[in-house]
Amino acid sequence: MQQIPCADRDGVRRRGAAWASVARTRASFPMRRSGCARHYKVRSSVVLKRRAFLVMMRWYMRACIRIHRYKTARVGSWPRAPRCAAIAALLIACHLANTACIFGATARAQGLTPQLPADPDPSELVRAQLVADVDAIAPGKPFRLAVRLEIKEGWHVNWLNPGDAGLAPGVEWRVPGGFKTTVICWPYPARFETGPLVIFGYAKELILITEVTPPAQMSGGPVQLSAEVTWLACEEACIPGSASLNLMLPVEQASRTSPWSGPIEAWLGRCPRPAGAWNVDASVFEDAMLLDLQTAEDSSVKLSGAFFYPYDTGVIENSSPQLLSVLEGPQGRSAYQLRVPFWRMATSTPERVRGVLVMDLGSPRAIEVDVPLRRR
Amino acid sequence: MKFGRTTAFLALAAAVAVPYGVIAGDNHSHDAKHADKHAAIDQKAPDFSLAGIDGKTYSLADFKGKYVVLEWNNFDCPFVKKFYGSGKMQSLQNEYTDKGVAWLTICSSAEGKQGYYDAETLKTMNADRKTSPTAYLRDADGTVGKMYGAKTTPHIFIINPDGVLIYAGAIDDKPDFDPATIEGANNYVVTTLGSAIAGKPVAVKTTEPYGCGVKYSN
């Protein structure tokens, strides 16, 4: 990668000027003084090409002229002349095309082509809605209130632990006095690769749910429920967004189910559950933690994959694969071991392992993990 | 005669192809040079050379004997805007460059991705923001970013006068893009350089960085 000083390039430019066809292509080639030290890679290649082309053309045209003279002297005419000219034309076309290509690359490198498009409108990337699983609420009867984010194809929002980049969305629930809210869960996330980074989050849709219990005694008209939502939508770029959402629900003697109860129920299925029949043991082994998994469920249960998402950042190497081994368990039951590499830059290991283990048991199942990390 | 012309044509084809091939191969030599080096805490920070927007080339080795702060940057990232919009990053740059610390702002956004700009535009953007790093370096092929494992913007690396990496991680302990949280945050540039310059051990050597992902080429 040799840097060609400006003065030298100008020298090349002058020497080449005798050649009309070359001079024409050079006229369209930008020689901005300010861009002198930059993009020398592209420029040196242009100089090389130009030199090669000059030598080549000179040599070829001399050959043509010599052949022409020879033929003219011998037979008075030269039927091959058109072919000679055609090849010369082809070479010129080839050179022009290459120059145009290099010019294009240089122009892009210098930012002569249009800059990046303006940031997309956040409301086009994520549409936020406040929904409930009821169309009417009844005094004292709990119902589910949810913020639904509809995410544009190719974009995502983050989980509680965002992974290598990003930020989890935030929701502030606003309910009238006397109403109680209980945040239910963070649905388990998926992984998204962007270059060397791995993001934990959601694509297409996210429904964050809270359970609301109205007071036992209520009077009068409709109730206003609100939520303040902020999020960061990421694709190549990260664009923040926010919304103030409202929902009015009438109060009736008996609650009425809404069409949103289906999707809300489905998203509740993504809530991590207590470990239940699964026993999880965590220990340190070299640069990884080993999660030993055993189930008391019947032996037909087959675990075909698993991924551990820690609640805290800076615990695991997010982009490293987590290898699952099948071991011989007690009473002929299968036991499993998941190897979760620690974050490469970590200077200490945590006391406890806290997070969500997503297991592929034919269908995905997420269990909550909160166990001490044993040192072997 | 026919043979002669064919030979001449082949020679010409070769003359066209050779310089073009040489040029195509040239673009990759840069990547291979750094491929085997990776930054690790308490280890010698790998050396690199990058072109600054001022047209000069800067190497880490040039700053031997000084503390060096590497700040990964993408002016369009909301987390970066948090620190430049509030003036916090500029005040850190001022404070520490005045104390003889070299502050290198590095942009590893690939061409065509968020944060990638030509040097002229970046000069204007730096002037508009009244920044004062020692240099603003462009790393569009991501070589240095990947060598240091830069994940986010911002992502901070601090190197001591012996060339050893003494801190890698977040800029502070408030992972959000709300400028209001800067005030109460524990800023790791301040704590790391504060301890190190005073000759005390650095308490927190690594933290998980937060921010936008570095926009590497795919």
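Cut-offs applied
- Sequence order as written defines residue numbering, which begins from 1 separately in each chain.
- Both sets of labels track the order of writing: A upward for chains, 1 upward for ligands.
- Totals for whole chains, interfaces and linings use every residue, but because this is a predicted model, local features are given only for residues with pLDDT of at least 70 and side-chain atom pairs only at 80 or more, for both listing and counting.
- Only DSSP runs of H or I covering at least 4 residues are called helices, and only runs of E covering at least 2 are called strands; the numbering of each starts at the N terminus.
- Here a residue counts as buried when 20 or more other C-beta atoms sit within 10 Å of its C-beta, as exposed when there are 12 or fewer, and as partly exposed otherwise, the C-beta atoms being derived from the backbone.
- Two residues qualify as being in contact provided that their C-beta atoms, derived from the backbone, are within 7 Å of each other.
- Two strands pair under a simple rule: DSSP has to find at least two bridges between them.
- Convention adopted: a line fitted to C-alpha atoms gives each axis, helices being fitted over their contacting stretch, and angles between N-to-C directions are expressed from 0 to 180 degrees.
- pLDDT runs from 0 to 100 and stands for how confident the predictor is about each residue.
- Defined on buried residues, the nonpolar core groups Ala, Val, Leu, Ile, Met, Phe, Trp, Tyr and Cys residues joined through C-beta atoms within 7 Å.

Draft legend 1. Geometry of the overall build of chain B. Secondary structure assignment for chain B yields seven helices and nine strands. Relative to its full complement of 218 residues, chain B shows a buried share of 44%. Restricting the contact set of chain B to residue pairs at least 6 apart, pairs at least 24 apart contribute 76%.

Draft legend 2. Expanded view of the sheet that holds strand 18 (residues 352-361) of chain A. Residues and elements named next belong to chain A. Strand order in the open sheet formed by seven strands is 15-18-19-13-14-17-16, with mixed pairing between adjacent strands. Looking at strand neighbours, the two that pair on one side only are strand 15 (305-310) and strand 16 (323-328), the edges of this open sheet. Here the average twist between neighbouring strands, direction ignored, is 30 degrees. Examined bridge by bridge, strand 18 and strand 19 (residues 363-375) share 10 bridges and lie antiparallel to one another. In the sheet register, Val358 faces strand 19, and the bridge partner there is Ala366.

Draft legend 3. Representation of the confidence of the model for chain B in the model. Residues and elements named next belong to chain B. For chain B, the mean per-residue pLDDT works out to 87, and 83% of the residues sit at or above 70. In the model, residues 13-35 has pLDDT below 50 throughout and makes 24 contacts with residues more than four positions away in sequence or in other chains. Of the two predicted TM-score estimates for the complex, the pTM is 0.70 and the ipTM is 0.73.

Draft legend 4. Spatial organisation of the nonpolar core. Formed by 122 residues in total, the largest nonpolar core has its most connected members in Ala233 and Leu357 of chain A together with Val69 and Phe157 of chain B. If you tally residues by element for this core, the top one is strand 10 (residues 223-234) of chain A, at seven residues. The residues touching Val69 of chain B, leaving out its near neighbours within four places in the chain, are Tyr96, Val101, Trp103, Leu104, Ile156, Ile158 and Val189 of chain B.

Draft legend 5. Examining the pairing of strand 17 (residues 334-341) of chain A more closely. Residues and elements named next belong to chain A. Across seven bridges, strand 14 (residues 288-295) lies against strand 17 in antiparallel orientation. Bridging across to strand 17, Ala288 finds its partner in Pro341. Sheet topology places strand 16 next to strand 17; six bridges connect them, and they run antiparallel. Its bridge partner being in strand 17, Leu327 is matched across the sheet by Ala335. Counted between consecutive antiparallel strands, the loop separating strand 16 from strand 17 contains five residues, among which Gln331 sits at a positive phi close to 50 degrees.

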